[in-house]
Amino acid sequence: MGAKITLTGATLASPANALTTAAGRFELKVNSGTYSFTVEKTGFSKFEKSIEVSGDIDLAIELSVLRQETVVDVEDKLSSLANSDPNYLLLRNAAIAGTYVVENLVLKRDTATFTFHSGTISFTAPVLGKTVMAVFSGEGSFHLDPVIVLETAHLTLATGKETVDEEFESLILSFTDGTAQEIRKSVKTPAEPGKAPDLLHDFRRHM
């Protein structure tokens, strides 16, 4: 419907034009002869064919959908969202701001227990008045004892054991609660940062 029909050639002094109906039909009265037949409709490719007219004729016409292309122009500028937020950058790049000797410190979180047998623990510089990250280096262990029977069964199926017990030599702690204050109550002796800056750098690189 609404396709533009154009005939040129033969005895025509100027192009003959018509529009198709909803049924795809049109009517043009021309003399017999050879004509260039063109069909055009928005959104479709142009159809062209040479036809011989000697009376009423039926033409089978198939129009191909025109390929649509969209160009998106992206400006070369930094986003004003999270990654450029000054507090995010402080959290992302905060350096070690204090290291302490730690011995037999136990942290319980839900059904998990972290035991820092010996080593050092380093805190990053606070952001908005809160310390949210610490780096441990030394000898430690992790114990997990599920409370729910279903969880114990799943753990046994996955690992062959009812509990999890792992030894570790380094650990990155991230927290938003009072963990930093809890640890500071048990560590008093200052120490050198040691491996902490490298461990923190590797953690951030992988994250």
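Residues numbered from 1 in each chain as written. Predicted model: local features only at pLDDT ≥ 70, side-chain atom pairs only at ≥ 80, totals over all residues. Heavy atoms only, no water.

1. Remarks on the sheet that holds strand 4 (residues 47–53)
An order of 2-1-3-4 is seen for the four strands of this open sheet, with the pairing classed as antiparallel. Edge positions in the sheet fall to strand 2 (16–19) and strand 4, since each has one partner strand and no second. Across this sheet, the average inter-strand angle for adjacent strands is 25°, counted without regard to direction. Pairing of strand 3 (residues 33–40) with strand 4 involves seven bridges; the strand directions are antiparallel. What sits directly across from Gly33, in strand 4, is Val53. (Pairing = 2+ DSSP bridges. Helix = DSSP H or I, 4+ residues; strand = E, 2+ residues; numbered from the N terminus. Axes fitted to C-alpha atoms, helices over the stretch in contact; angles between N-to-C directions.)

2. Some remarks on the side chain of Thr113
Within the fold, Thr113 resides in strand 6 (residues 112–124). A polar contact of 3.4 Å, which involves the side chain of Thr113, links it to the side chain of Lys108. Apart from the residues within four sequence positions on either side, Thr113 is in contact with Val106, Leu107, Lys108, Ser141, Phe142 and His143. (Polar contact = N/O pair within 3.5 Å; in protein donor to acceptor, adjacent residues only side chain to side chain. Contact = heavy atoms within 4.5 Å.)

3. Examining unusual backbone geometry
Positive phi outside glycine occurs at Asp110, with the angle close to 55°. On the secondary structure map, Asp110 appears in the loop between strand 5 (96–109) and strand 6. Classification of Asp110 as exposed rests on a relative accessible area of 84%. Of note in this structure, Leu128 is not a glycine but carries a positive phi near 55°. Judged by its relative accessible area of 70%, Leu128 is exposed. (Buried < 20%, exposed > 50% of the residue type's maximum accessible area, 1.4 Å probe, protein only.)

4. Structural notes on the sheet that holds strand 7 (residues 133–144)
Sheet architecture is open: four strands sit in the order 5-6-7-8, paired in antiparallel fashion. One side of each edge strand has no neighbouring strand; the edge strands of this open sheet are strand 5 and strand 8 (164–174). Across the sheet, the mean angle from the axis of one strand to that of its neighbour is 10°, orientation sign disregarded. As paired elements, strand 7 and strand 8 share ten bridges and run antiparallel to each other. By the bridge assignment for strand 8, Met133 is matched with Ser174. This element, helix 4 (residues 196–206), spans strand 5, strand 6, strand 7 and strand 8 of the sheet and lies at about 75° to strand 7.

5. Comments concerning the environment of Gly9
Mapped onto the fold, Gly9 is located in strand 1 (residues 4–9). Separated by 41 residues in the primary sequence, Gly9 and Ser50 place their C-alpha atoms 9.7 Å from one another. With residues up to four places along the chain from it excluded, the contact list for Gly9 reads Thr34 and Tyr35.

Bear in mind that shape data such as this cannot, by itself, settle questions of function.
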